[in-house]
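Notes for the structure review
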Amino acid sequence: MSASEHPAGELHGRYRDVLFDPAGRVVWDHGWRSNTIVGDCRRLLAAMLRGTPGSTGLLGLRVGAGLSQWDGAGPPPAGAGQTALVDPHPHTVAAADLRMDFLDAAAVSAAPTNRLQIQATLGPAVPNWPDANHISGNLREFGLIASLDGTTVLVNYVTHPVIAKDPASTLQRTVWLTF
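Residues numbered from 1 in each chain as written. Predicted model: local features only at pLDDT ≥ 70, side-chain atom pairs only at ≥ 80, totals over all residues. Heavy atoms only, no water.

Thoughts on unusual backbone geometry
Applicable threshold: The numbering of helices and of strands both runs from the N terminus, where a helix is a DSSP run of H or I of at least 4 residues and a strand a run of E of at least 2. A simple rule labels every residue: compare its accessible area, found with a 1.4 Å probe on the protein chains alone, to the largest value its type can have, and call it buried under 20%, exposed over 50%, or partly exposed in between.
Of the consecutive residues Val126 and Pro127, the connecting peptide bond is found in the cis state with omega at -5°. Mapped onto the elements, Pro127 comes out in the loop between strand S7 (115-122) and strand S8 (138-148). Residue Pro130 follows Trp129 across a cis peptide bond; omega there is 5°. For Pro130, the position within the fold is in the loop between S7 and S8. At Ala125, a residue that is not glycine, the phi angle is positive and equals roughly 65°. If you trace the backbone, Ala125 turns up in the loop between S7 and S8. Of the residues examined, Ala125 reaches a relative accessible area of 43% and is grouped as partly exposed.

Re the environment of Gly39
Within the element layout of this structure, Gly39 appears in helix H1 (residues 39-50). For the pair formed by Gly39 and Val153, sequence separation is 114 residues and the distance between their alpha carbons is 9.8 Å.

Describing H1
Note the threshold: One fewer than the residue count of a helix, multiplied by 1.5 Å, yields its expected span. Throughout, the arc means the angular range of directions from the helix axis out to the C-beta atoms. Residues are treated as being in contact if the distance between any of their heavy atoms lies within 4.5 Å.
With 12 residues, H1 should cover 16 Å at 1.5 Å per step; its first-to-last C-alpha distance of 17 Å lies within 8% of that length. Within the span of H1, buried status applies to Asp40, Cys41, Leu44 and Ala47. Taken around the axis of H1, the buried residues stretch over an arc of 125°, which confines them to a single face. In H1, those exposed residues whose orientation departs by more than 90 degrees from the buried face are Leu49 and Arg50. On its buried face, H1 is in contact with strand S2 (26-37), strand S3 (56-64), S8 and strand S9 (151-164). Backbone geometry just downstream of H1 places Gly51 in the positive-phi region, at approximately 85°.

A closer look at the layout of surface pockets
This is how the line gets drawn: Cavity means a closed set of points on a 1 Å grid over the protein atoms alone, one where a 1.4 Å probe fits but cannot get out, pocket means an open set with protein on both sides within 12 Å along at least 5 of 7 lines, and lining means a residue has an atom within 4 Å of a point. Grid points are joined across faces, edges and corners, and a volume is the space filled by probe spheres set on the points. Charged means Asp, Glu, Lys or Arg here, nonpolar means Ala, Val, Leu, Ile, Met, Phe, Trp, Tyr, Cys or Pro, and polar covers whatever is left, Gly included.
By volume, the largest pocket amounts to about 180 Å³. For the largest pocket, the full set of lining residues is Cys41, Leu44, Leu45, Met48, Gly57, Leu58, Leu116, Val155, Leu177 and Phe179. The set of elements that each furnish at least two residues to the lining of the largest pocket consists of H1 and S3. Among the elements that line the lining of the largest pocket, the one with the most residues is H1, at 4 residues. Here the residues of the lining of the largest pocket sort into 9 nonpolar, 1 polar and no charged.

Dropping the structure here:
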């Protein structure tokens, strides 16, 4: 087999954001969109298969404000070389607060599969912005993080149009990763 063959297919992902008002009504649902699996995800998978100490599964999901300049022409596309969120002070939803399930097609599976669903719910006042580093609760980027050889790395990254998350709303973010 040559080094350029991909017998198991390519890694890819999708995500969906749904914003709810304080009464639990859907304010908007932008549907499913593609996301970017970054280079450190492949290194993490190889390290975990090798059994490299300090390399673990997901540590959490980070959300960031990105840049307000993205609001005019739209955010830049996420690149596979991304290593961190643009926001130097992102909010992290810890792995313990994420729901992670294997998927068989779109159904949750008790048995391991090649698809993983990660769900994060950012309830009222999460993140607790505005703060000293953020003038609003606007979100424009997110990424999944893991530990690679004891260092926190980005494994998935998305830039998206601004989500104006006020302190009373709830954002439900669902990410699908296919390996």
